[in-house]
Amino acid sequence: MLNNFYYKMKMQSSPKKNNVKGKKDVSAVNLKSEDCDISQLKKNSGSKCVLEIGGKNQESSKIRNQKKSKRSIKNAEIEGNKTSVAKMELTRNISRNTSELFFINNVLKRSIPLPLTIPSVRGYDFNSSVDYSSILSSYKYSGFQATNFGLAVEEILRMLVARRVPLERGQEDTLEMDEFIKRRHSCTIFLGFTAEEMLSKGVRETVRFLAEHRMIDCIITTTRTIEEDLLECLTSISSQNIYGKTDKKGSSINIAESSIITNTTYSQFKDWIIPILDKMLEEQKKGVLWTTSKIITRLGEEINNVNSIYYWAAKNKIPVFSPALAADGNLGKMMYFHSCKNPGLVIDILSDLKRINTLAIKAVTSGMIVIGGGIVKHHALSANFMRYGADFGVFVNAVPEYDGSDSGARPDEAVSWGKIKKDSKAVKIHAEASLIFPLLVAETFIRHFVSYKMRIVTSV
């Protein structure tokens, strides 16, 4: 501590006056701490030493320096605050100007002129009347899946217009011995559907109409649709499900989504089909090669019922392909039971693959209407891959694409594979088939069919 301060030492001697000339009476001497120490001060016993921290001059200087330092700091703070305020104001101005520029350049940016061909969004005006055809026609301009429905109607109409074009000389398939794959029209239409989306939901009659009037050239389906169509001819299975999801196994009632099928129905089906399989086995031993499409044709002939889809398919020589016929549904189970008792029946799948691919390759133009997905959709697309893609395509199912399934894939994915042509206007409707498909057929096949019939009548 002594090294950091000045010490003032007041030395007071005896009250005698020193009158010696030339000598000064030193009453006080300022010493720095380094010039004296405590031991020296103690020697001077006749003097009185007083230590004071800091002299007045030093104290005043220190205070002045402290005040000056405080003023400097305060001035710096003031200057700093002014600078910060200026920076904040500048930032606000830049942000305000940037926002104004963004608003002007983007929100108020002048739009390019829209083509006059772009339609306006509008719905049906019920003030005029209730015209269901006009309501469905207005779907195209309504947005979302309603617009896709309108686009699908146009795509199917393009198929039907192409189908009406007469075959040119050289396009007539006179050398083809298989009547089921012989070229008959300028547009070959493939219809694919699954059981879950179709027959068990009451859409059977819609499909039957198309087969009855030969509006399609090929059917691709699953085993369940075949057995359910045949069961409908043997007994009624289209009862509405009144039980919900309740387990009714003890009652021998089988729930199929919105329908119920009893075990009695399957017993009747077994009694009907086993003798047919016996006959087919005997014919195989005589040289007949059975394929899935030939088996379905045979079943359609055997059922001999005008309410059956496959009766009309056999009658009009429309091939029906079901790749998983023996491995799917109760029809496959019946074949299994038959093989246990009377083994030997063989189904040639490869011959059917050649048959459907040949049908696609022969097509002048090709169109696909696929309800559902899975193996049915893939089979139709793969066949048209052999002819460098279908010209037309309409797909209906409620499957999204995020899980990577073929059912959920959009038409443009098939375009990338060459299964649909680049210039095609193929469309997918994300909807449930029992609601959409009858309306789709009504606006296309039925309307086209009626107008064509009217033209024939008026021309006669």
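Predicted model only: the values in this text are computed from it and were never measured. (Residues numbered from 1 in each chain as written. Predicted model: local features only at pLDDT ≥ 70, side-chain atom pairs only at ≥ 80, totals over all residues. Heavy atoms only, no water.)

Honestly, helix α5 (residues 204–212) in this entry has me stumped. Any pointers?
Note that an α-helix has 3.6 residues per turn; residues three or four places apart therefore point the same way. Looking only at α5, the buried set comprises Arg204, Thr206, Val207, Arg208, Leu210 and Ala211. Once α5 ends, the next one or two residues include Arg214, with phi positive near 55°. (Buried < 20%, exposed > 50% of the residue type's maximum accessible area, 1.4 Å probe, protein only. Helix = DSSP H or I, 4+ residues; strand = E, 2+ residues; numbered from the N terminus.)

Quick question: what am I supposed to make of the packing of aromatic side chains here?
One pass over the full model with this rule turns up five aromatic pairs. Ring plane angle 70° and centroid distance 5.5 Å describe the contact between Tyr139 and Phe149, whose orientation is recorded as edge-to-face. Of the two residues, Tyr139 is situated in the loop between α3 (132–138) and α4 (144–163) and Phe149 in helix α4; the sequence distance between them amounts to 10 residues. By relative accessible area, which is 1% here, Phe149 ends up buried. Against the face of Tyr141 rests Arg122, its NZ or CZ located 4.5 Å from the ring centre. (Phe/Tyr/Trp six-rings, centres within 6.5 Å; stacked < 30°, edge-to-face > 60°. Lys NZ or Arg CZ within 6 Å of the ring centre and 35° of its normal.)

Just to check I follow, could you spell out unusual backbone geometry for this structure?
The phi angle of most residues is negative, glycine excepted, and most peptide bonds adopt the trans form. The backbone of Lys317 shows a phi angle near 55°, a positive value even though the residue is not glycine. For Tyr388, which is not glycine, the phi dihedral falls at a positive 65°. Mapped onto the secondary structure, Tyr388 falls in the loop between α12 (374–385) and β10 (392–397).

Any chance you could explain empty space enclosed by the protein here in plain terms?
One water molecule sets the probe size; rolling that probe over the atoms shows where empty space is left. Going through the model one piece at a time under the given rule, you end up with one cavity of 30 Å³ or more. Space inside the largest cavity adds up to approximately 80 Å³. The wall of the largest cavity is formed by Phe180, Ile181, Lys182, Arg183, Arg184, His185, Cys187, Thr188, Asp217, Leu359, Lys362 and Ala363. Class assignment for the residues of the lining of the largest cavity results in five nonpolar, two polar and five charged. (1 Å grid on protein atoms, 1.4 Å probe; cavity = no way out; pocket = protein on both sides within 12 Å on 5 of 7 lines; lining within 4 Å. Points joined across faces, edges and corners; volume = space filled by probe spheres on them. Nonpolar A, V, L, I, M, F, W, Y, C, P; charged D, E, K, R; others polar.)

Quick question: what am I supposed to make of the pattern of salt bridges here?
Any two side chains of opposite charge can pair, given that their charged atoms come close. Evaluation of the coordinates by the stated rule reveals 19 salt bridges. One network of salt bridges, with partners in common, ties together Asp173, Glu176 and Lys362. (Salt bridge = Lys/Arg side-chain N within 4 Å of Asp/Glu carboxyl O.)

Is there a simple way to think about the pairing of β10 in this case?
With six of its six residues buried, β10 lies for the most part within the structure. Across the two faces of β10 the burial is the same, with Phe392, Val394 and Val396 and Gly393, Phe395 and Asn397 all buried. Sheet topology note: the strand β9 (residues 365–371)/β10 ladder contains five bridges and is parallel. Pairing of Gly367 across the sheet is with Phe392, part of β10. In this fold, the crossover linking β9 to β10 by way of α12 has right-handed handedness. For β10 and strand β11 (residues 427–430), the ladder comprises four bridges, and the chain directions are parallel. Following the sheet pairing, Phe395 is matched in β11 by Lys428. Crossover handedness for the path β10 to helix α13 (residues 411–417) to β11: right-handed. (Pairing = 2+ DSSP bridges. Right-handed = clockwise from strand over helix to strand, strands pointing away.)

Is there a simple way to think about the side chain of Asp348 in this case?
Here Asp348 is to be found in the loop between α10 (329–341) and α11 (349–362). It turns out Asp348 is buried and unbridged, and the closest side chain with the opposite charge, Lys294, is 7.8 Å from it. Engagement of the side chain of Asp348 in a polar contact is seen with the backbone nitrogen of Leu350, the distance being 3.2 Å. One polar contact links Asp348 to Ser351, side chain to side chain, over a distance of 2.3 Å. In contact with Asp348, not counting residues within four places along its chain, are Leu289, Trp290, Thr291 and Thr292. (Lys, Arg positive; Asp, Glu negative; His and termini not counted. Polar contact = N/O pair within 3.5 Å; in protein donor to acceptor, adjacent residues only side chain to side chain. Contact = heavy atoms within 4.5 Å.)

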